[in-house]
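Summary of the model geometry
Residues per chain, in single letters:
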Amino acid sequence: MASSERSALLTYRLCGGSAEEERGRERGRAAAAAPRKLPTFLGVVVPTLLSMFSVVLFLRLGFVVGHAGLYQALAMFAVAYFIIGMTVLSVCAIATNGALDAGGAYYMISRALGPEFGGSIGIMFFLANVCGSALYVLGLVEAVVDSFGIPPGQETGSGVHVLPQSYWYELLYGTVLLGLCLLVCLVGASIYAKATFLIFLIVAAVLGTILVSFFATRPLKVPIRLPNANGSETDNGIFTGFSLETLRDNLGGRYQVDYTTGQMMSFSSVFAVMFNGCTGIMAGSNMSGDLKRPSYSIPRGTISAVLFTYLVYNLLAFLMCATCNRILLQKDYGFLRDISIFPPLVTVGIYAATLSAAMSNLIGASRILYALARDDLFGRALALAKKTSASGNPVMAVILSWLMVQVVLFSGKLNTIASVVTIFFLLVYATVNLACLALEWASAPNFRPTFRYFTWHTCLLGIAGCCVMMFLISPVSASASLGFLLLLLLALHYLSPSSTWGYISQALIFHQVRKYLLMLDVRKDHVKFWRPQMLLMVQNPRGSARLIDFVNDLKKSGLYVLGHVELQDLDMLPSDPLQPQQDSWLSLVDKLNVKAFVSLTLAPSVRHGVRQLLFTSGLGGMRPNTLVLGFYDDEAPQDSLARHPAFTNAREEVPLGFPPLRAPTTPKLLSAREYVGIVADALKMLRNVLLARQLESLDKAWELRRAASPPPTIHVWPVNLLRPDSARYADTCSLFLLQMACVLNMARAWRRARLRLFLCVEAGTMPHAQEEKLRQLLKDLRIQAQIQLVPWDAITHLHWQTCQRPPGGPAEEEEEEEGVVNFPTNTTQVSDEYVCAANKLVLEQSPAPAVRFLYLPRPPADTSLYPLYLHQLELLTRGLGPTVLVHGVSAVTSTQL
């Protein structure tokens, strides 16, 4: 099972708490967690600034300005900060809507959108942190080689320049530095977390030194040694000081080949590198558990940090354009050290910023992986990452993350993976905006963030901005990332266990369904768009599994409700006994894979319970129009649930909380009179009625997949066999019967079956004319069926022999309009001999069908004749196999467009 919503997720980025704090969260936040004491500046601003001021600020800002020029660089900053600005608004809204545990984007998205989105985005964010850690390690390697590497073209170095330069040597340096990060993460993660403020002071001092250097340093030439095919070449970059000519020359873009990768730069590729300086905006929100006032600190601290970094980036871009020529900006990534008034401090700042960023990303990746493993969304695939040390440090998650970063280091160059990191972060930010948008659109009463400066428009703009920039940077990488995300989402949807986090999809579905139900106006119903909406009464699912499956094929995308009546009195009970049963019924629906609702009720009798369900089931224009009952006979019920394919292939046992079936000697819960009364009640309420007999003997899989020829058939008898003197094929009930048989034939599982329609004819009644008339009716109704003539003179002769009145008497005059038969006298006129003969006539039609549809007469008005009526139905359907008796009261067919 996925962990509960209150289970602590370990922090990522620079917010990694100590092992003692993590153990405190595990044992209980209220009792063992450290007290909340961090103010806004230390708890939010510092982690966010450290996450955003790193390799881009010190090693790539000149690269961005040199290639893009001042105008395009400012446009890049505007676009990037527009995207993260919209995302910050969403982050603040979610972070101030109740308690937020550590876990950043993964926690926000998983708890807002559910495990599918949360798990898939968690993996994407894990990969973003892995690639980000590799990016910062490569930036640190670049800075180290620039300071201590042997210049290109020389075989031996001099002074401090002693480190050889090549792909494999730089990979070795990166591996060593990454090993140092691993060591800190395994041994001293708490020490590193406590040192973040010291690192921030160093970075702030370096930044101040750089700003002063632009004003204090005199113009100078900076020799730049660049590798080429023949060894190396030397070029001169110039720091001109403040110069209007230099500023004019740097206003426009002038994209060149990147000397580290050999690739031609463009707006999108430079933006991909620059955007890495804008990530980390959610670092502060992970400190919510340690802040004095989370709802106050997170919005103000995050927004303040973002605005500050935006001003710093724009200021530095202007200063660089006004003081440095294009060659210096494009070809010397470490030029800030060369022009600094105190170069060693800049070197220390670059090392501190990049190393801390690499470490924070490695810690973040391991914490996200550990959180994913502990939430158990991927089952055994991440089981190894759950293992922790005695102090609570997720050791295996750290080692697995380290291995992934090591693999990414083989890419070799910072600019190579910058676009991948950017796309991953853009995808995560887009989903954070999606989470906030979904919460806003769902209009859930419990979504009440204290931060109110956001709307669904800002969320939508953030999503659009992220998606547009993803595809501008790299359409192939963006498409591959989205495809991978979709695969993860589908895998989690079908394979992950259920969670207790809540699913935003359910809130959105509820919101939309309520809206559309209000729009579904029953006054605008039309017969052209009629569809069956079934209420199937089930006494015990153990004996009705195949009937439930069969009715699911009959619903034709209509409403399907499983109804059950519990014979108890709520006044005599301490609580509602139906609530514990609800889960068992819903599990049954899921297991049988039927699209049905469940409606349970308490009543003093089954008849009253069915009345309640017919009156109250459904909502608005979605109400049952057809009642389906099992047949009332003396056959002992069989446990078909245990033999159903959905359970025979499953590992778990069948119980599901349903009681055992009734023993043959146990009395039934309702009498024959009450059963027929239910049918009469439904017809009075203008509901169609289906009585299903021996449907549990229907092996649908065998019937429909057998290779026998001809294919399986569905026999349809649209004539009232219990009233031969009023047999008609075009009354409402007959047309409804034809419609139901056609609907079954349209179901995907029954498309191989063939409809066979039986036309009962008597001598001297022009059978061919009747057949042609029926064929024309089928053509008008677009029903494909084979018509078979059945002589039944001998059967009707038996009827007239036993009938007390000759045909043409008052009995015929009692027939109601639209073929509704008034039964009081006719029930007594039909003899058992005649009914048995009619049963034999139906049984003799070969080959044996998969299922038969027969005409269900109306119950007699005299309730004392109910047992006789049920007896006649039993004789009529005896031994016929799977049979459905159908009586329709509503027009369901149309010959119009």
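Placed above this text is the structure.
The sections below set out a description of the structure shown in this document. (Residues numbered from 1 in each chain as written. Predicted model: local features only at pLDDT ≥ 70, side-chain atom pairs only at ≥ 80, totals over all residues. Heavy atoms only, no water.)

**So, the pattern of salt bridges**
On inspection of all chains with the given rule, the structure shows 13 salt bridges. A salt bridge links Arg254 to Asp249; the nearest nitrogen and oxygen atoms lie 3.0 Å apart. Relative accessible area serves as the criterion here: at 34%, Asp249 is assigned to the partly exposed category. One salt bridge connects Asp639 with Arg542, and the closest N-O pair in it is separated by 3.5 Å. With Asp639 in the loop between strand E6 (626-630) and helix H24 (645-648) and Arg542 in the loop between strand E3 (534-537) and helix H21 (545-554), this pair connects stretches of sequence that are 97 residues apart. Given a relative accessible area of 12%, Arg542 falls into the buried group. Among the ionic contacts, a cluster of salt bridges with common partners joins Asp633, Glu635, Arg693, Glu874 and Arg878. (Salt bridge = Lys/Arg side-chain N within 4 Å of Asp/Glu carboxyl O. Buried < 20%, exposed > 50% of the residue type's maximum accessible area, 1.4 Å probe, protein only. Helix = DSSP H or I, 4+ residues; strand = E, 2+ residues; numbered from the N terminus.)

**Considering the environment of Arg687**
Here Arg687 is to be found in the loop between helix H25 (672-684) and strand E7 (688-693). When the C-alpha atoms of Arg687 and Leu627 are compared, they prove to be 6.6 Å apart, with 60 residues separating the residues in sequence. Not counting residues up to four positions away in its chain, the partners in contact with Arg687 are Leu614, Pro624, Asn625, Ala682 and Val889. A distance of 2.7 Å separates the side chain of Arg687 from the backbone oxygen of Leu614, its partner in a polar contact. A polar contact of 2.9 Å, which involves the side chain of Arg687, links it to the backbone oxygen of Pro624. (Contact = heavy atoms within 4.5 Å. Polar contact = N/O pair within 3.5 Å; in protein donor to acceptor, adjacent residues only side chain to side chain.)

**Quick word on the environment of Thr665**
Its location among the elements puts Thr665 in the loop between H24 and H25. For Thr665, a relative accessible area of 76% translates into the label exposed. As a C-alpha pair, Thr665 and Ala636 span 29 residues in sequence and 8.9 Å in three-dimensional space.

**A short note on the packing of H25 against helix H33 (residues 866-877)**
Remark: H25 packs on H33, axes separated minimally by 9 Å, with the N-to-C direction vectors making an angle of 85°. Looking at the two axes, H25 sits roughly perpendicular to H33. On the side of H25, the interface is formed by Ala672, Arg673, Tyr675, Val676, Gly677 and Ala680, while H33 contributes Tyr866, Pro867, Tyr869 and Leu870. Taken together, the residues that form the contact of H25 with H33 break down as eight nonpolar, one polar and one charged. (Axes fitted to C-alpha atoms, helices over the stretch in contact; angles between N-to-C directions. Parallel < 35°, antiparallel > 145°, perpendicular 65-115°, else oblique. Nonpolar A, V, L, I, M, F, W, Y, C, P; charged D, E, K, R; others polar.)

**Focus: the packing of aromatic side chains**
One pass over the full model with this rule turns up 24 aromatic pairs. On the basis of an interplanar angle of 80° and a centroid distance of 5.9 Å, the ring pair of Phe53 and Tyr313 is categorised as edge-to-face. Of the two residues, Phe53 sits in the loop between helix H3 (40-52) and helix H4 (55-95) while Tyr313 sits in helix H12 (residues 294-323), which places them 260 residues apart along the sequence. The buried category is assigned to Phe53, whose relative accessible area is 4%. By relative accessible area, Tyr313 is classed as buried at 1%. Joined through ring pairs, the aromatic side chains of Phe53, Phe77, Tyr81, Phe308, Tyr310 and Tyr313 make up one cluster. Stacked on the ring of Tyr333, the Lys or Arg Arg60 has its end atom at 3.8 Å from the ring centre. For Lys668, the ring lying beneath its charged end belongs to Tyr632, and the centroid distance is 3.9 Å. (Phe/Tyr/Trp six-rings, centres within 6.5 Å; stacked < 30°, edge-to-face > 60°. Lys NZ or Arg CZ within 6 Å of the ring centre and 35° of its normal.)

**Focus on the side chain of Asp633**
Mapping Asp633 onto the fold places it in the loop between E6 and H24. Of the polar contacts made by the side chain of Asp633, one reaches the backbone nitrogen of Glu635; its length is 3.3 Å. A distance of 3.4 Å separates a polar atom in the side chain of Asp633 from a polar atom in the side chain of Arg693. Residues in contact with Asp633, not counting those within four places in the same chain, are Lys668 and Arg693.

**Section: the sheet that holds strand E12 (residues 883-887)**
The sheet built from 10 strands is open, its strands ordered E5-E4-E3-E6-E7-E12-E11-E8-E9-E10 with mixed pairing. Sheet topology places strand E5 (597-603) and strand E10 (786-791) at the edges, where each strand pairs with a single neighbour. Direction aside, the axes of adjacent strands within the sheet are offset by 25° on average. Of the pairings in the sheet, the one linking E3 to strand E4 (residues 560-567) comprises four bridges and is parallel in character. (Pairing = 2+ DSSP bridges.)

**A few points about the pairing of strand E8 (residues 713-717)**
With five of five residues buried, E8 lies mostly within the body of the structure. The alternating pattern of E8 places Thr713, His715 and Trp717 and Ile714 and Val716 on opposite faces, both of which are buried. Where E8 lies against strand E9 (residues 754-761), four bridges are found, and the strand directions are parallel. Across the sheet, Val716 pairs through a bridge with Leu757, a residue of E9. Both E8 and strand E11 (residues 851-855) contribute to a ladder of four bridges, which runs parallel. Of the residues in E11, the one forming a bridge with His715 is Arg852.

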